[in-house]
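Here is how the chains run, residue by residue.
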Amino acid sequence: MYAHPDDLHRARRVGAAAAPEFAAWLAFQNAVDREDGAVPRRYRELISVAVALVTQCGYCLDVHTAAARRHGVTAEELAETAFVTASVRAGGTLAHALLADRLYEQHGHNAPSVTPTSAAPPTC
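Quick look at the structure, then. Being a predicted model, the structure only gives us computed values, none of them experimental.

Parameters and conventions
Residues numbered from 1 in each chain as written. Predicted model: local features only at pLDDT ≥ 70, side-chain atom pairs only at ≥ 80, totals over all residues. Heavy atoms only, no water. Helix = DSSP H or I, 4+ residues; strand = E, 2+ residues; numbered from the N terminus. Buried < 20%, exposed > 50% of the residue type's maximum accessible area, 1.4 Å probe, protein only. Expected span 1.5 Å × (residues − 1). Contact = heavy atoms within 4.5 Å. Phe/Tyr/Trp six-rings, centres within 6.5 Å; stacked < 30°, edge-to-face > 60°. Salt bridge = Lys/Arg side-chain N within 4 Å of Asp/Glu carboxyl O.

Digging into unusual backbone geometry
Positive phi is not limited to glycine here, since Gln56 has a value of about 60°. Along the chain, Gln56 turns up in the loop between α3 (41-55) and α4 (58-70). In this structure Gln56 comes out as exposed when scored by relative accessible area, which is 68%.

Here's what the structure looks like:
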């Protein structure tokens, strides 16, 4: 497995190689992790878990699941967060399908008609 929890300890070493950028990121991270925001910390951690699920970052999932538990998030809240996240992500897929449908129509107005048997496979 490429991702390993012990790799989190490498952050400072990697950060030292790009000190100004790492310092700016760390300041941002510290601001987001504050306890006195309008959004309570437990909700911030649930949001972080949701984003980690979408981005599929194992490190973020590890760190923010642990922090969520420390801030009182229950197993039921974590499970519901996963399903809300999955539903919103599925909605994003549908939204892009609407875009694909519109683009398909637009390409049809500008392209000659081609039968499926003679159409060349798409390239990316």
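Structural notes on α3
Look at α3: 21 Å from first C-alpha to last across 15 residues, which is about the 21 Å you get at 1.5 Å a residue. Buried within α3 are the following residues: Arg41, Arg44, Glu45, Leu46, Ser48, Val49, Ala50 and Ala52. Among the structural elements, α2 (19-32), α4 and α5 (75-110) are those in contact with the buried residues of α3. Positive phi appears at Gln56, one or two residues downstream of α3, with a value of about 60°.

Some points on the packing of aromatic side chains
Evaluated as defined, the whole model comprises 1 aromatic pair. Aromatic pair Phe22 and Trp25: ring centres 5.8 Å apart, planes at 25°, arrangement stacked. Note that Phe22 and Trp25 are positioned in helix α2 at a spacing of 3 residues, about one turn of the helix. Given the relative accessible area of 19%, Phe22 is considered buried.

Quick word on the pattern of salt bridges
Applying the stated rule across the entire model yields 6 salt bridges. Put simply, Arg41 and Asp33 hold a salt bridge, and the shortest N to O gap is 3.8 Å. Classification of Arg41 by relative accessible area gives buried; the value is 12%. Among the ionic pairs, Glu45 bridges to Arg41, the shortest N-O distance being 2.9 Å. Of this pair, Glu45 and Arg41 both sit in helix α3, 4 residues apart, which is roughly one turn of the helix. This pair shows no difference in class: Glu45 is buried, exactly as Arg41 is.

Interpretation in functional terms is not warranted from these geometric data alone.
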